Amino acid sequence: MASPRRSRESNLKTNLALDVAIPTHFRCPISLDLMRDPVTASTGISYDRQSIETWQELGNTSCPVTGQQLQHQDLIPNHSIRKMIQDWCVAHRPYGIERIPTPTAPVNRAEVMGVLSEIATASRRGDVAACTRSVAKVTNWAKESERNRRRLASDGTSRVLAATFVAFARASSDVAVVRILEEVLAAMAMLLPLDGEAAACIGSSPESLNRLVSVLRCGDVTARLHAALTVKELLASGGARADAIAATKGMGEALVKLVKRPISSRAMKASLVSIFYMVNSDEKTATRIVDLGLVPVLVEILVDHEKSLCEKALAVLDGLLSCQRGRENACGHALTVPVLAKKMFRVSDMATEFVVSALWKLCKDHKGGGGGGGDRGGGRERCLLEALQVGTFHKLLLLLQVGCGEATKERATDLLKLLNGYRGRHQCIDTMDFMGLERPFE
């Protein structure tokens, strides 16, 4: 904890810095702030790099100051004014002005294409050492700036990295090969989202999918995160068929483990998204995921996690309830219905749709079809009674009043009809709206 004296000194420096007048020619004409990385456009006007690049990204082709059309989009570093700004900062250090660091020059297309050529050549030869060095360059460039990441993405870096991953996935499993595979995953994770070609390259390779499972199971924390992000990208981009990924031995188990024993919030979310795609592609996959014990874990996530995670957990839970085993597991958990009812209006519009769908699947009498009679009388009736007890009836009425999608509206209406048949059998305790007070339906 900072001492009172240090706090006073810091506040004094801040106040002094605010009183220092920044020379006009050191300010960016766009942001009016001190330029940290001054660059000169084709019109001869200098700007801070971040400001002028943002201007260009918005589709502007003219100079913000002169209004003249820019002859080209290239920006030339203005070393002279940057040095002057740094000297001015040093001179005003007693007033709390910090010296701006010397910016790293952004990578250019020629450099990127040269390194990508090195990676492609090394992967064809099976030269692990050379490939590792070149991939490390890509990762370092990507870490330096958003501009570098855009350059790498536009030059097709993810496609070259994907081809490299596939090439080494077919090699032996010695330590060096495992290392280069993890390095490639790390580099690709810096360039998300993957383009369709890169995703299809990995997704169509059984050896690559098996390697991803291996990293998910045995890699270090960082490597497992990168593998989880890659699997999610393969599914989200359509670069790989969900049923093919689901059929990969150990994939479901590895992803479920990252949800049950999370290594990070980001890895957990990526795993949930992947599982969502998998369970919605095939009912057998959903049943297999249920048998891995995911349903109670999802219910527990809904109890006390942040909104983004809850939304993904609801999506997966709704998918698992499409199979008989999923409904049986959910009905057997005491918190399922109360938590779903509580989350109806507390997360997002999309989450509300998942909640209504999940409750409908639990309370609906599923007859025939692949799902069978998953509710089997007692479980279905218990869910209906619990739904009434926690105020679902009135929340559904409110939902229809405020509006929702057609599919959700149909299911909410169907649920109301089902619940109406059980009204009057007990008292309702609406924990969200009535603070635990009991009140009978009228």
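### What to know about the confidence of the model for the protein chain
Moving on, step 1. Residues at a pLDDT of 70 or more form 88% of the protein chain, whose mean pLDDT is 87.
Moving on, step 2. Least confident of the elements in the protein chain is strand β5 (residues 438–439), whose mean pLDDT is 36; most confident is helix α13 (residues 251–260), at 97.
Moving on, step 3. Note that residues 12–16 has pLDDT below 50 and, in this model, four contacts with residues that lie over four places away or in other chains.
Moving on, step 4. Note on residues 429–442: pLDDT under 50 across the span, and 35 contacts to partners over four residues away in sequence or across chains.

### Notes on the side chain of S134
Moving on, step 1. The residue S134 is located in helix α5 (residues 128–144) in this model.
Moving on, step 2. Its relative accessible area of 4% is what places S134 among the buried residues.
Moving on, step 3. Apart from residues lying up to four places away in sequence, S134 is in contact with V115, E118 and I119.

### Some thoughts on the sheet that holds strand β3 (residues 76–77)
Moving on, step 1. An order of β2-β1-β3 is seen for the three strands of this open sheet, with the pairing classed as antiparallel. Lying at the two open borders of the sheet, with one neighbouring strand each, are β2 (46–48) and β3.
Moving on, step 2. As paired strands, strand β1 (residues 38–40) and β3 are joined by two bridges and run antiparallel to one another. Directly across from T40, in β3, lies its bridge partner I76.
Moving on, step 3. Against the sheet, helix α2 (residues 49–57) makes contact with β1, β2 and β3, and its axis sits at roughly 95° relative to β2, the strand it touches most.

### A word on the side chain of R211
Moving on, step 1. On the secondary structure map, R211 appears in helix α10 (residues 206–218).
Moving on, step 2. The charged side chain of R211 is buried without a salt bridge, its nearest counter-charge being D174 at 7.4 Å.
Moving on, step 3. Contacts of R211, omitting those with residues within four sequence positions, involve F165, F168, A169, A171, S172, S173, V177, V178 and L181.

### Notes on helix α9 (residues 196–203)
Moving on, step 1. Among the residues of α9, A198, A199, I202 and G203 are the ones counted as buried. The buried side chains of α9 occupy one side of the element, clustering within an arc of 125° when seen end-on.

### Examining the packing of helix α14 (residues 265–279) against helix α15 (residues 283–291)
Moving on, step 1. With their axes 8 Å apart at the nearest point, α14 and α15 run at an angle of 135° to one another. Of the possible angle classes, the one that applies to α14 and α15 is oblique. Only T285, A286 and I289 of α15 make contact with α14, whose side of the interface consists of I275, M278 and V279.
Moving on, step 2. The class makeup of the residues in the contact of α14 with α15 is five nonpolar, one polar and no charged.

### Regarding a nonpolar patch on the surface
Moving on, step 1. Nonpolar side chains collect at one region of the surface, where F345, L398 and V402 lie side by side and expose about 250 Å² of accessible area between them.
Moving on, step 2. Tracing the sequence through the fold places V402 in helix α22 (residues 392–402).
Moving on, step 3. Judged by relative accessible area, which is 57%, V402 ranks as exposed.

### Here's the deal with the packing of aromatic side chains
Moving on, step 1. Counted according to the given criterion, the structure contains three aromatic pairs.
Moving on, step 2. Between F276 and Y277, the ring centres sit 5.7 Å apart and the planes meet at 70°, which makes this aromatic pair edge-to-face.
Moving on, step 3. When the centroid spacing of 6.4 Å and the interplanar angle of 70° are considered together, the rings of F276 and F354 count as edge-to-face. Here F276, found in helix α14, pairs with F354, found in helix α20 (residues 349–363); they are 78 residues apart in sequence, far enough to count as distant.
Moving on, step 4. Here the aromatic residues F276, Y277 and F354 are joined through ring pairs into a cluster of three or more.
Moving on, step 5. When the ring centre of W360 is taken as origin, the NZ or CZ atom of R411, which lies over that ring, is 4.4 Å away.

### Let's talk about helix α18 (residues 324–331)
Moving on, step 1. Taken together, the buried positions of α18 are G326, R327, A330 and C331. Buried residues of α18 fall within an arc of 125° about the axis and therefore sit on the same side.

The rules behind the values
Every chain is numbered independently, its residues counted from 1 as its sequence is written. Whole-chain, interface and lining totals are the exception, using all residues; otherwise, since this is a predicted model, local features are given only for residues with pLDDT of at least 70 and side-chain atom pairs are given and counted only at 80 or more. With hydrogens and water excluded, all non-hydrogen atoms of the structure serve as input to the side-chain values. Confidence scores here are pLDDT values: one per residue, from the predictor, ranging 0 to 100. Per the convention used, a helix needs a DSSP run of H or I reaching at least four residues, while a strand needs a run of E reaching at least two, with both numbered from the N terminus. It only takes one pair of heavy atoms within 4.5 Å for two residues to be counted as in contact. Between buried and exposed lies partly exposed: a residue is buried under 20% and exposed over 50% of the maximum accessible area for its type, with that area taken using a 1.4 Å probe on protein chains only. Here, any two strands with at least 2 DSSP bridges between them count as paired. Lines fitted to C-alpha atoms define the axes, with helix axes restricted to the stretch in contact, and inter-axis angles between N-to-C directions lie between 0 and 180 degrees. The charge count treats Lys and Arg as positive and Asp and Glu as negative. His and the chain ends do not count. A carboxyl oxygen of Asp or Glu within 4 Å of a side-chain nitrogen of Lys or Arg is what we treat as a salt bridge. An arc is given here, and it is the one of the directions from the helix axis to the C-beta atoms. Here is the rule for angles: anything less than 35 degrees is roughly parallel, anything more than 145 is roughly antiparallel, 65 through 115 is roughly perpendicular, and the remaining ranges are oblique. Side-chain classes are defined by residue name, with Ala, Val, Leu, Ile, Met, Phe, Trp, Tyr, Cys and Pro counting as nonpolar, Asp, Glu, Lys and Arg as charged, and the others, Gly among them, as polar. Patch definition: residues with relative accessible area over 30% and no salt bridge; like charges joined within 9 Å; nonpolar side chains (Val, Leu, Ile, Met, Phe, Trp, Tyr) joined within 5 Å. Surface accessibility in these figures is a Shrake-Rupley result with a 1.4 Å probe; residues are shielded only by whichever protein chains are displayed. We call Phe, Tyr and Trp rings a pair once their centres come within 6.5 Å, taking the six-membered ring for Trp, and we label the pair stacked below 30 degrees between planes, edge-to-face above 60, and tilted otherwise. Only Lys NZ and Arg CZ are tested; either one counts as a charge over a ring when it is within 6 Å of the ring centre and within 35 degrees of the ring normal.

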